[in-house]
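Residue-level structural notes
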Amino acid sequence: MDRKSITFIIWTSVLSISYAIIRYHLFKGLNFSFFMIVFNKGISLAGILLLSSAFVVGPLARKFPDIFKQFLSGKRFFGIWGFGLVFAHSVISFFFLSPTSFSIFFTLNKLNLVGNFILISGILSLLLIGFAFATSFPKLLKFKSKIFFLSLNASYIGLIIGGIHVLPIGIKGWTEPNSWPGFLFPITLISFLAVLFTIYCRTVLNSIN
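Here we summarise the structure given alongside this text. (Residues numbered from 1 in each chain as written. Predicted model: local features only at pLDDT ≥ 70, side-chain atom pairs only at ≥ 80, totals over all residues. Heavy atoms only, no water.)

1. Points about the overall build of the protein
Let me state the cut-off plainly: Working definition: helices are DSSP H or I runs of at least four residues, strands are E runs of at least two. Numbering for both runs from the N terminus. To get the radius of gyration, use the C-alpha atoms; to get the globule rule, take the number of residues to the power 0.38 and multiply by 2.2 Å. Here's how the labels work: a residue is buried when its accessible area is under 20% of the maximum for its type, exposed when over 50%, partly exposed in between, all with a 1.4 Å probe on protein chains only. Two residues form a contact once any of their heavy atoms are found within 4.5 Å. Calculation of accessible area relied on Shrake-Rupley with a 1.4 Å probe; when residues are assessed, cover is drawn exclusively from the protein chains displayed.
Counting its secondary structure elements, the protein contains eight helices and two strands. Along the protein, helices (α) and strands (β) appear in the sequence α-α-α-α-β-β-α-α-α-α when read from the amino end. Computed over its C-alpha atoms, the radius of gyration of the protein comes to 18 Å, within 12% of the 17 Å expected for a compact globule of 209 residues. Each of the three principal axes of the protein carries a C-alpha extent, and together these read 50 × 35 × 30 Å. Burial status across the protein gives 41% buried among its 209 residues. Long-range contacts, defined here as pairs at least 24 residues apart, represent 71% of the contacts in the protein between residues at least 6 apart. Total accessible area on the protein is roughly 12,200 Å²; 72% of this is exposed by carbon and sulfur atoms.

Quick look at the structure:
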C-alpha cells in the first residue's frame, strides 16, 4: 500500500473519531463515561467513508484523473480497513446494546421493531461486506474471478443496506439543524449522504463519457 493511501486511511479515521468527540462531548456536553459509545460512532463513520471511497475512487479517477488517479492503487485497502472498522463498530454495538444505552431500540426491555430492524440490517450489511473482505487476499485464498466480482457486488449492496441501517437512528433530527450540537451534521446523516454519493458515482458518473 502506497503512502498516500495510508495517509488517507489514517486521516479519515482520525477526523471521523475527532468529529464524534467534538460533536458529542464538546458541544453536546455528553459525559466522558459515554466515550466508548461516542468512539463507536466515530469508527462507524470512518468505516462507511472508507468503504464508500473504495467504490467511488474508480469513477472519480476516470472523470477527474489529475486528482483521483493517485488513489486507485489504494482502493482495495480502503475496503479492507473500512470493513475492519465497521466490524469493530458491530462488536462494540453488541456490547452496549441495552435499554440504558439505546432506549429507542427497546420497549419493555425487549427489542422493538426499530431495534430489530437495526440489528438485522446491520448483520446483513456486515455479512455482505465481509464476503468481499474474504476475497481481498488472493495470495491466501484463491477465488475464481466470477466469485471476486460477485463479492464486490455483494459488498456494494451491503454498503447500501448500511446506509438504510442508519435511517431509523437519526432521520428525525436530520431536518432540525437548530438541534444539532454545534450545528454539526449528524453522523448518521453524513453516513447516509456518503452512501448516496457512492450510488451516484457508480450509476450516473459511470455513465458519463
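2. So, the packing of helix H4 (residues 75-96) against helix H5 (residues 113-134)
Test applied: Orientation is described by axes fitted as lines to C-alpha atoms, over the contacting stretch for helices, and by angles from 0 to 180 degrees between their N-to-C directions. Oblique is the label for every angle not falling under 35 degrees (roughly parallel), over 145 degrees (roughly antiparallel), or within 65 to 115 degrees (roughly perpendicular). Handedness of each helix crossing follows the sense of rotation of the near helix against the far helix: counterclockwise by less than a right angle gives left-handed, clockwise gives right-handed.
Contact pair H4 / H5: the axes reach a minimum separation of 10 Å and the direction vectors enclose 150°. Relative to H5, H4 is oriented roughly antiparallel. Judged by the sense of rotation from one axis to the other, the crossing of H4 with H5 is left-handed. Contact with H4, carried on its side by Ile 80, Phe 83, Val 86, Phe 87, Ser 90 and Phe 94, involves Leu 119, Ile 123, Leu 126, Ile 129, Gly 130 and Phe 133 of H5 and no other residues of that element.

3. Thoughts on the nonpolar core
Filter applied, for reference: As used here, the term nonpolar core means buried Ala, Val, Leu, Ile, Met, Phe, Trp, Tyr and Cys residues forming a set that is joined through side-chain atoms within 4.5 Å.
Formed by 13 residues in total, the largest nonpolar core has its most connected members in Ile 9, Ile 43, Leu 50, Phe 71, Phe 77, Phe 78 and Leu 85. Those elements giving two or more residues to this core turn out to be helix H1 (3-27), helix H2 (35-63) and H4. Formed by eleven residues, the second largest nonpolar core is a distinct cluster that contains Leu 51, Phe 55, Phe 83 and Val 195.

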